Amino acid sequence: MVEPKLKRVTVTSDFWKRYQELVVSEVLPYQWAVMNDEADINMSKDPQKIEGADKNSHAVANMKIAAGQMEGHHYGFPFQDTDVYKWLEAAAYSFSYHPNPELKTITDNLIELIASAQDDDGYLSTYFQIDAPERKFKRLQQSHELYTMGHYIEAGVAYHDATGNEKALEIAKRMADCIVRSFGTDDGQIDGYDGHPEIELALARLYEATHDQKYLDEAHYFLQVRGTKPGFFDKQNEADGLERDIIPGMREAGERYYLDAQPIADQETADGHAVRVVYLCTGMAYVARLTGDKVLLEACHRFWKDIVKRRMYVTGNVGSTATGEAFTYDYDLPNDTMYGETCASVGLTFFARQMSQLETNSEYADVIEKELFNGALSGMALDGKHFFYVNPLEADPKASTFNPGKSHVLTHRADWFGCACCPANLARLITSLDQYIYDVKPNEVLSNQFISNDAEFANGLSVKQTSNFPWDGNIHFDITNASGKAVQFGIRLPNWSTANYSVTVNGTATQVDAKNGYLYVSITQPETTIDLVLDMATKFIRASNRVSADFGKYAVQRGPIVFCAEETDNDAALWQYEVSPKSTTHYSFQPDLLEGVGTITVDAKLPQEDEDGVGLYTEAATEQLHDAKLKLVPYYAWANREDGTMQVWLNKE
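Below: a short report on this structure. It should be emphasised that the depicted structure is a prediction, and the values quoted were computed from it without experimental measurement. (Residues numbered from 1 in each chain as written. Predicted model: local features only at pLDDT ≥ 70, side-chain atom pairs only at ≥ 80, totals over all residues. Heavy atoms only, no water.)

**Notes on the layout of surface pockets**
Unfilled space is identified by rolling a water-sized probe across the atoms. In this model, the largest pocket occupies a volume close to 1600 Å³. Lining the largest pocket are 42 residues; nearest its centre among them are Leu6, Asp161, Arg353, Gln357 and Gln435. The greatest single-element share of the lining of the largest pocket, amounting to 6 residues, is contributed by strand β1 (residues 6–11). Across the lining of the largest pocket, the residue classes break down as 18 nonpolar, 9 polar and 15 charged. (1 Å grid on protein atoms, 1.4 Å probe; cavity = no way out; pocket = protein on both sides within 12 Å on 5 of 7 lines; lining within 4 Å. Points joined across faces, edges and corners; volume = space filled by probe spheres on them. Helix = DSSP H or I, 4+ residues; strand = E, 2+ residues; numbered from the N terminus. Nonpolar A, V, L, I, M, F, W, Y, C, P; charged D, E, K, R; others polar.)

**Digging into the pairing of strand β22 (residues 585–590)**
As paired strands, β22 and strand β23 (residues 597–607) are joined by 6 bridges and run antiparallel to one another. Within the sheet, the bridge partner assigned to Tyr587 lies in β23 and is Ile600. Two successive antiparallel strands, β22 and β23, enclose a turn made up of 6 residues, where Leu594 displays a positive phi of approximately 50 degrees. (Pairing = 2+ DSSP bridges.)

**Looking at unusual backbone geometry**
Pro470 follows Phe469 through a cis peptide bond whose omega is 15 degrees. By the secondary structure assignment, Pro470 is in the loop between β10 (461–466) and β11 (474–481). The phi torsion at Asn506 lies on the positive side, around 50 degrees, for a residue other than glycine. Structurally, Asn506 can be placed in the loop between β13 (501–505) and β14 (508–510).

**With respect to the sheet that holds strand β7 (residues 438–441)**
To summarise the sheet geometry, strands pair through backbone hydrogen bonds and adopt either a parallel or an antiparallel arrangement. Pairing is mixed in the open sheet, where 5 strands are placed in the order β7-β8-β12-β16-β15. The outermost strands of the open sheet, each flanked by one partner alone, are β7 and β15 (514–515). Alignment of strand β12 (residues 487–492) against strand β16 (residues 518–523), held across 6 bridges, turns out to be antiparallel. The residue of β16 that forms the bridge with Gly490 is Tyr520. Sheet strands touched by helix α15 (residues 362–375): β12 and β16. Its angle to β12, the strand with the most contacts, is close to 45 degrees. (Contact = heavy atoms within 4.5 Å. Axes fitted to C-alpha atoms, helices over the stretch in contact; angles between N-to-C directions.)

**Focus: a negative patch on the surface**
Taken together, the side chains of Glu609, Asp610, Glu611, Asp612 and Glu623 define an acidic patch exposed on the protein surface. Secondary-structure assignment places Asp612 in the loop between β23 and β24 (625–634). On the basis of relative accessible area, Asp612 is assigned to the exposed category, the value being 82%. (Patch = residues over 30% accessible without salt bridge, like charges linked within 9 Å, V, L, I, M, F, W, Y side chains within 5 Å. Areas by Shrake-Rupley, 256 points an atom, 1.4 Å probe, with all protein chains shown as cover. Salt bridge = Lys/Arg side-chain N within 4 Å of Asp/Glu carboxyl O. Lys, Arg positive; Asp, Glu negative; His and termini not counted. Charge placed at Lys NZ, Arg CZ, Asp CG, Glu CD. Buried < 20%, exposed > 50% of the residue type's maximum accessible area, 1.4 Å probe, protein only.)

**Looking at the packing of aromatic side chains**
Both the distance between ring centres and the angle between the ring planes are used here to describe each pair of aromatic rings. Summed over all chains, the structure comprises 40 aromatic pairs. Here Tyr127 and Phe128 contribute two aromatic rings whose centre-to-centre distance is 4.8 Å and whose plane-to-plane angle is 85 degrees, an arrangement assigned as edge-to-face. Here the two residues Tyr127 and Phe128 agree in accessibility, since each one is buried. Both rings, one in Phe540 and one in Tyr554, keep their centres 6.2 Å apart while their planes meet at 75 degrees; by these two values the pair is edge-to-face. On the criterion of sequence distance, the pair formed by Phe540 in strand β18 (residues 538–541) and Tyr554 in strand β19 (residues 553–558) is long-range, its members being 14 residues apart. Comparing Phe540 with Tyr554 shows no difference in burial state: the two are buried. (Phe/Tyr/Trp six-rings, centres within 6.5 Å; stacked < 30°, edge-to-face > 60°.)

**Here we look at the sheet that holds strand β9 (residues 453–457)**
Across the sheet, 7 strands lie side by side as β1-β9-β10-β11-β17-β13-β14; this open sheet has antiparallel pairing. Lying at the two open borders of the sheet, with one neighbouring strand each, are β1 and β14. On average, adjacent strands in this sheet sit at an angle of 20 degrees to one another, irrespective of strand direction. In terms of strand pairing, β9 meets β10 through 4 bridges, oriented antiparallel. Looking at β10, one finds that Asp454 is bridged to Lys464.

**A word on helix α1 (residues 14–35)**
Taking 1.5 Å of rise per residue, 22 residues should cover 32 Å, and α1 covers 30 Å from first to last C-alpha, within 8% of that figure. Along α1, the largest kink reaches about 45 degrees and is centred on Val23. The backbone nitrogen of Phe15 lies 3.3 Å from a side-chain oxygen of the residue at the head of α1, namely Ser13. Phi turns positive one or two residues past the end of α1, at Asp37, with a value near 60 degrees. (Expected span 1.5 Å × (residues − 1). Bend = angle between axes of the 7 residues up to and from the residue. Polar contact = N/O pair within 3.5 Å; in protein donor to acceptor, adjacent residues only side chain to side chain.)

**Looking at the nonpolar core**
Among the nonpolar cores identified, the biggest contains 217 residues, and Trp16, Tyr19, Tyr152, Phe489, Tyr636 and Val648 are the most heavily contacted of them. The element that contributes the greatest number of residues to this core is helix α12 (residues 274–291), accounting for 12 residues. Contacts of Tyr152, omitting those with residues within four sequence positions, involve Tyr85, Leu88, Ile111, Ile114, Ala168, Ile171, Ala172 and Met175. (Core = buried A, V, L, I, M, F, W, Y, C linked by side-chain atoms within 4.5 Å.)

**Points about the environment of Leu348**
In this fold, Leu348 is placed in helix α14 (residues 342–358). Relative accessible area serves as the criterion here: at 0%, Leu348 is assigned to the buried category. Leu348 has contacts with Val278, Trp304, Ile307, Met312, Gly316, Val318, Val367 and Glu371, leaving out every residue within four places of it along the chain.

**Concerning helix α4 (residues 101–117)**
For α4, which comprises 17 residues, the first-to-last C-alpha distance of 24 Å matches the rise-based estimate of 24 Å (1.5 Å per residue) to within 8%. For α4, every residue scored as buried is listed here: Leu103, Thr107, Leu110, Ile111, Leu113, Ile114 and Ala117. In an axial view of α4, the angular spread of the buried residues amounts to 165 degrees, which keeps them on one side of the axis. In α4, those exposed residues whose orientation departs by more than 90 degrees from the buried face are Pro101 and Glu102. Tucked into the core, α4 has its buried residues touching α1, α2 (59–66), α3 (81–94), α5 (126–131), α7 (145–163) and α8 (166–182). (Arc of directions from axis to C-beta.)

**Focus on the side chain of Asn237**
Residue placement: Asn237 occurs in helix α11 (residues 232–240). Contacts of Asn237, omitting those with residues within four sequence positions, involve Arg139, Gln141, Gln142, Leu242 and Arg251.

**Observations regarding the pattern of salt bridges**
Counted by the stated rule, this structure contains 40 salt bridges. The partner of Arg289 in a salt bridge is Glu208, and the shortest N-O contact between them spans 3.3 Å. Taken together, the residues span a long stretch of sequence, with Arg289 in helix α12 and Glu208 in helix α9 (residues 199–210) at a distance of 81 residues. A relative accessible area of 26% places Arg289 in the partly exposed class. Notably, a salt bridge pairs Asp245 with Arg251, separated by 3.1 Å at the nearest N-O pair. Among the charged side chains, a network of salt bridges with common partners joins Glu134, Arg135, Arg139, Asp240, Arg244, Asp245, Arg251 and Glu252.

Next up, the structure:
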């Protein structure tokens, strides 16, 4: 049997083509200029307030210094190289839909620069090569060396896949060989791991590209050893000199922050730095899929359940506190002091994709959709040149200015950050969007995302999906089956439409029940058409009663889009509006607003305005409410106009 391996996917969605072309025309050139210190930018104050992280990028200059092409010292964080690597990976994916000879010249030259910067033994981390060669692999809690090299390995694999550039892959292999020689249980090796997971998923990816077993074995080793070496980081820090922190304050973060308190097999909850958690989970799922390790798979299920069922915001953002950019505890989901880092949303998307490839369950694609249209997408302005690090669900410019506890919350996206992990991370997600639309399993194809596309599969199956999603829920598929052999075609039934949907096959209404969250249609004829109509009614969403921050409040969602209220659209203070699930709503698509968005107007209630002279506190009495209208826009598009307040969760009438 010829399995329906995916050959090609071309995104045709108006919504997503705009973003993919924006990355090519604006995002990549802008980010390249920033990393070369050629852009006129105002660097945002680093959200973690680390000194010296708010001057410029210097990321490419660090590479040139390490390569001997410039003189100077390293500038920025020890992981500054990763800005370049994620940018390179984003560029590689963009070639699949937008060939660009000028950009390819830049990226080919960048590969040559990276090769020149790499040490003879395969090591590459410019901070240590330039300023601290004697400290290589000696302070792994803070050094981010394996994290940094992992990001290049991912980029190198992607660039080789996109262009056939052998040097790009060779750099990755030499880097990985250096790591394999350096880490393990043999004499002379370091029996330990990086403070920031990433190398695990990168090595698994390199294994898939090369089929070299040692890379998968090393990824497996890093997952198995994590948390089994009490005091590993402390011992390294002491040997290296306690006063010689690479990143101030990181030594005191604690084992929980580094996911180092217990072996993965014993960890019950998703604790610690949110990005570290989701990168580790991605590596766990990747290696579990490739090795069949049931212990890792069980851990994936535990972490997934804890994150998605108890620690994820309605927009898909994760990370409840600015202190450590971290998860806190179950159901702790504050809206105005949250972190919700863009990188964490991107990383959770990676985790969900690996789980979706591992097993058939539409819940994973549901979360990917939530991130794509809400939590991750919010991280970039509509112009492609401004970015959020932190993604709050409630914001007030005065609070961000005058309340130190909310100073990490921006109400307009920044030009750039000293710790600029998020901009290029989001860029590589958008340019690789074609990889998230389908899963291919034995004798079946799963359509995961409602993103218009043309797809071809190795067994002769071709699929053309068309729609005006996310603004319209009418999804049409034209499927050609040249082989004549039956293929099961599964269409995800999104969790927001399970109670109301219809399916038509070849013009005939058909009863199709969901299995594992997918609607299966057997493709046996040469030509098949499927029409799926999804429920696009406006819905009022409530949080679990265990979430104190959202008790007595509602969020508004239509299809996959979560909406918010902005001060610029409404007359009164946003916290004064009260809504009911029975409130009348009106949806309208406005093509000239925010690059074309759907808006929702909600019938609401407002209290009478307090008169001058009324005390700060007065005896409660029956409050007079009057009718009002509250306008909402998609959350991903907020903060693209006048500065002002914003709220996702609205008070209950």
